[in-house]
Amino acid sequence: PQWKCSEGLYVAHLASQNKINFIGGEPSDQAVYQLLKAQNYTKKDFLFFNFIQQLPQYHREGCFKSEADLYKLFIQFMKDWQATEFTYSDFEKWYEERVSASIAYKDLIDPNISAPIKHGTYLQQLSSRISGIRDQHIISVIFKTLTAHKKVLVVYGHSHFPTQKDVLIQYLGKPSYVSSR
């Protein structure tokens, strides 16, 4: 079957089917928010960034076809996150303050709007901080699991390895690669 979900969900499904233990490596949204809050980010920063981060995916899926869809998507996103205290006007104002620009459809569908770039735009810097939080958590889960089990298979998105490689090599040693030929 063709799967339309993250690699983590797909692997969890396969592990469950084969009666293999599965341990998720992602931190909870609440944990990420608490760490960001300690760095002086607000709930609006966290929620509105997460909304913006989804927009390129919504565009690829065909549910964000124009700026007219943005309001409806925002309202649904805030309901899903149980954050209905925030209005679309709050989002517009926040965006203009943080990005120093008005909302533009062409900008929102560009995946680079929220690419994790340490010295990039406000949104890119926030993404970089969140990526760092996620990477630290994933590494801690990997090491904890390696301590408790003899064999561990780690499956995650390709962007994690470059940012975690040095720590993994330091802990596990230099990897050996197996050719598929």
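Report follows, based on the coordinates. (Residues numbered from 1 in each chain as written. Predicted model: local features only at pLDDT ≥ 70, side-chain atom pairs only at ≥ 80, totals over all residues. Heavy atoms only, no water.)

1. Describing the overall build of the protein
Quick note on the threshold: Put simply, DSSP marks the helices as runs of H or I at least four residues long and the strands as runs of E at least two long, and each gets a number from the N terminus on. Each residue's exposure class comes from its accessible area (1.4 Å probe, protein chains only) as a fraction of the maximum for that residue type: buried when under 20%, exposed when over 50%, partly exposed otherwise. Contacts between residues were defined by any pair of non-hydrogen atoms, one from each residue, lying within 4.5 Å. Here the accessible surface of atoms and residues is derived via Shrake-Rupley with a 1.4 Å probe, and residues count as covered only by protein chains that are part of the display. Residues scored as charged are limited to Lys and Arg (positive) and Asp and Glu (negative), so that His and the chain ends carry no count. Lys charges are placed at NZ, Arg charges at CZ, Asp charges at CG and Glu charges at CD.
Each helix and strand in the protein was counted, giving eight helices and zero strands. Going from N to C terminus, the protein has its helices and strands arranged as α-α-α-α-α-α-α-α. Each principal axis of the C-alpha distribution contributes one length, and for the protein these read about 55 × 40 × 35 Å. Across the 181 residues in the protein, those meeting the buried criterion constitute 30%. At a minimum sequence separation of 6, the contacts of the protein that also span at least 24 residues come to 58%. Counting only carbon and sulfur atoms, one obtains 52% of the accessible surface of the protein, whose full area is about 12400 Å². Charge-centre separation for the protein: the mean point of 21 positive side chains lies 10 Å from the mean point of 17 negative side chains.

2. Comments concerning helix α3 (residues 43-61)
Put simply, the rule reads: To estimate how far a helix should reach, multiply one less than its number of residues by 1.5 Å. Here the bend at a residue means the angle between the axes of two seven-residue stretches, the one that ends at it and the one that starts at it. By the criterion applied in these results, polar contacts are pairs of N or O atoms within 3.5 Å in which, for protein atoms, one can donate a hydrogen and the other can accept it, and in which residues neighboring in sequence qualify only through two side-chain atoms.
The end-to-end C-alpha separation of α3 is 27 Å, in line with the 27 Å expected for 19 residues at 1.5 Å each. Roughly 30 degrees is the biggest bend found in α3, and it falls at L55, with proline P56 one to four residues downstream. Along α3, the residues classified as buried are D45, F46, L47, F48, F49, N50, F51, I52, L55, P56 and Y58. Each element contacted by the buried residues of α3 is listed here: α2 (29-37), α4 (68-80), α5 (88-99), α6 (105-108) and α7 (122-148). Its side-chain oxygen placed 3.4 Å from the backbone nitrogen of K44, T42 serves as the N-cap of α3. A positive phi of about 90 degrees marks G62, the residue just after α3.

3. Topic: the layout of surface pockets
Heads up, the rule is: Both site types are read off a 1 Å grid over the protein atoms alone. A 1.4 Å probe that fits but cannot get out defines a cavity, while an open set with protein on both sides within 12 Å along at least five of seven lines defines a pocket; lining residues have an atom within 4 Å of a point. Grid points are joined across faces, edges and corners, and a volume is the space filled by probe spheres set on the points. Gly counts as polar in this scheme, as do all residues outside two lists: the nonpolar Ala, Val, Leu, Ile, Met, Phe, Trp, Tyr, Cys and Pro, and the charged Asp, Glu, Lys and Arg.
Taken as a whole, the second largest pocket encloses approximately 340 Å³ of empty space. As for the second largest pocket, its lining consists of 15 residues, of which V154, F161, L168, L172 and P175 are closest to the centre. Of all the elements, helix α8 (residues 160-172) adds the most residues to the lining of the second largest pocket, at five residues. Split by residue class, the lining of the second largest pocket holds 12 nonpolar, two polar and one charged.

4. What about unusual backbone geometry?
A positive phi angle, near 75 degrees, is found at N40, a position not held by glycine. Note that N40 resides in the loop between α2 and α3. Exposure remark for N40: the relative accessible area of 69% places this residue in the exposed category. A positive phi is found at S100, a non-glycine position, where the angle reads about 60 degrees. Structurally, the position occupied by S100 is in the loop between α5 and α6.

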